[in-house]
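# Report on the structure
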Amino acid sequence: MTIDTSKKIAIISDIHANLPALRTVLEDIDNRGIETIVCLGDIVGYGPNPNECCAIIRERNIPSLMGNHDKVAIDLEKIEYFNEIARNAILWTNKTLEPDHIAYLSEMPYVRTYEPLTLVHASPCKPKDWNYVLTMGDARTNFECFDQWICFIGHSHQPFAVEQTEQDIECHTVENIPLNKNNRYIVNVGSVGQPRDRDPRSCYVVYDPDEMSLHFRRLEYDIKETQQAIKEAGLDANLALRLERGV
Ligand code: ZN
């Protein structure tokens, strides 16, 4: 599957089985007339609607990537690396996911490149190691690991854009970021279904090659509906609480 990178692209990530959040984000993307959507992985894990979220991504033919929660939910490998709350949610997701969706998630690649963009869930250096890009030092190291103009990442659920100029690198956390052809970027698109930057609103990014800009969108969604579904699924109450806190 290829996509047209000469038009606007919506980049979403870390849905984490949060159906009301996913619906809200997709509606916003549709309302803006953006036809191309890509997902950076972690469709499932933590949240109460893994089957519904997988079904939507598949129906809409949205290319996605392997996320650490997708991976562990399908094979339970290295589940001991997760804390108890996450572990219980992973086991619940594993037994709840329909076999067809497990097969679909198993096929996910770790990297997708659509020139001049590259997409990876965690970090471009070692995509399968699930390392975080959190510091400027991490960013500096990771700029060496891809050749494209912009690398979009997810994983930490904390939106930012790091720009590499000829002289140095700088971090932007503003809503609109002008793009410069001569510089390079690592962009964390934030999380649709479990934001962790103390802003509980869903986050995604619009890449606009005509305007030469990135735009971070933040959207309120029905958190209470997700919290109710978490309760009904018997998942840990902390997973509901953290959504309203954005942590
Ligand atoms: Zn995640």
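What comes next is a walk through the structure. None of the values given here were measured: they were computed from a predicted structure.

## With respect to the overall build of the chain
On a plain count of helices and strands, the chain comes out with eight helices and 11 strands. Taking 18 Å as the expected radius of gyration for a compact globule of 247 residues, we find that the chain reaches 17 Å, a close match to that expectation. Seen through its principal axes, the chain has C-alpha atoms that stretch 50 × 40 × 35 Å. Going through the 247 residues of the chain one by one, you find that 58% of them count as buried. Within the structure as shown, the chain displays about 11300 Å² of accessible surface, and the carbon and sulfur contribution to it stands at 45%.

## A few points about the state of the cysteines
As enumerated under the stated definition, the model contains one disulfide in all. With no disulfide of its own, C53 has C54 as its nearest cysteine by sulfur position, at a separation of 7.4 Å. Residue classification places C53 among the buried residues on the basis of a relative accessible area of 0%. Of all cysteine sulfurs in the structure, the one in C125 sits closest to C151, which takes part in no disulfide; the separation is 9.2 Å. Residue C151 is classed as buried on the basis of its relative accessible area, which comes to 0%.

## Some words on unusual backbone geometry
With glycine set apart, most residues show a phi of negative sign, and most peptide bonds adopt trans. Residue P116 follows E115 across a cis peptide bond; omega there is 5°. Mapped onto the elements, P116 comes out in the loop between strand 3 (111-114) and strand 4 (117-120). Look at W130: it is not a glycine, yet its phi comes out positive at around 55°. Within the secondary structure, W130 is located in the loop between strand 4 and helix 6 (136-143).

## Examining the nonpolar core
Grouped together as the largest cluster of nonpolar side chains are 48 residues, with contacts concentrated most on I12, I15, I29 and I43. If we skip the residues at most four places from it in the chain, I43 touches I15, H16, A17, C53, C54, I57, S64, D70, Y104 and L105.

## With respect to the coordination of the zinc ion
Binding of the zinc ion to the protein goes through D14 (OD), H16 (NE2), D42 (OD) and H157 (NE2), at separations of 2.0 to 2.4 Å. Between consecutive donor residues of the zinc ion, the sequence gaps follow D-x1-H-x25-D-x114-H. On the accessibility criterion, H16 (1% relative accessible area) is buried.

## Let's talk about the pattern of salt bridges
For the structure shown, the criterion picks out 11 salt bridges. Across the salt bridge formed by D75 and K71, the nearest N and O atoms sit 2.3 Å from each other. With D75 and K71 both in helix 3 (residues 68-75), this residue pair falls four residues apart, about one helical turn. Classification of D75 as partly exposed rests on a relative accessible area of 29%. Through salt bridges with shared partners, a single network forms among D197, D199, R201 and R218.

## Quick notes on the sheet that holds strand 6 (residues 160-164)
Ordered in space as 3-4-5-9-6-7, the six strands form an open sheet in which the pairing is mixed. The strands lining the two open edges of the sheet, one partner per strand, are strand 3 and strand 7 (169-172). For this sheet, the mean inter-axis angle between neighbouring strands, taken without regard to orientation, is 15°. Relative to strand 7, strand 6 runs antiparallel, the two being bridged by four bridges. Within strand 7, the position partnered with V162 by the bridge is C171. With respect to the sheet, helix 6 is in contact with strand 6, strand 7 and strand 9 (184-188), its orientation differing from that of strand 7 by roughly 120°.

## What to know about the packing of aromatic side chains
Inspection of every chain in the model, using the stated rule, returns five aromatic pairs. Measuring from ring centre to ring centre gives 5.9 Å for F143 and F146, while their planes differ by 35°; the resulting arrangement is tilted. Pair check on accessibility: F143 and F146 agree, each one buried. Aromatic pair W149 and Y185: ring centres 6.3 Å apart, planes at 85°, arrangement edge-to-face. Linking W149 in the loop between helix 6 and strand 5 (150-153) with Y185 in strand 9, this pair joins segments that are 36 residues apart in sequence. Ring-pair connections join several aromatic residues into one group, and the members of that group are W149, F152, Y185 and Y207. Positioned over the ring face of Y110 is K128, at 5.0 Å from the centre of the ring. Positioned above the aromatic ring of W149, the side-chain terminus of K181 is 3.8 Å from the ring centre.

How each quantity is defined
- Residues numbered from 1 in each chain as written.
- Predicted model: local features only at pLDDT ≥ 70, side-chain atom pairs only at ≥ 80, totals over all residues.
- Heavy atoms only, no water.
- Helix = DSSP H or I, 4+ residues; strand = E, 2+ residues; numbered from the N terminus.
- Rg over C-alpha atoms; globule rule 2.2 N^0.38 Å.
- Buried < 20%, exposed > 50% of the residue type's maximum accessible area, 1.4 Å probe, protein only.
- Areas by Shrake-Rupley, 256 points an atom, 1.4 Å probe, with all protein chains shown as cover.
- Disulfide = S-S within 2.5 Å.
- Core = buried A, V, L, I, M, F, W, Y, C linked by side-chain atoms within 4.5 Å.
- Contact = heavy atoms within 4.5 Å.
- Donors = N, O, S within 2.8 Å, 3.2 Å for Na, K, Ca; no water.
- Salt bridge = Lys/Arg side-chain N within 4 Å of Asp/Glu carboxyl O.
- Pairing = 2+ DSSP bridges.
- Axes fitted to C-alpha atoms, helices over the stretch in contact; angles between N-to-C directions.
- Phe/Tyr/Trp six-rings, centres within 6.5 Å; stacked < 30°, edge-to-face > 60°.
- Lys NZ or Arg CZ within 6 Å of the ring centre and 35° of its normal.

Shape is all these values report; function is a separate question.
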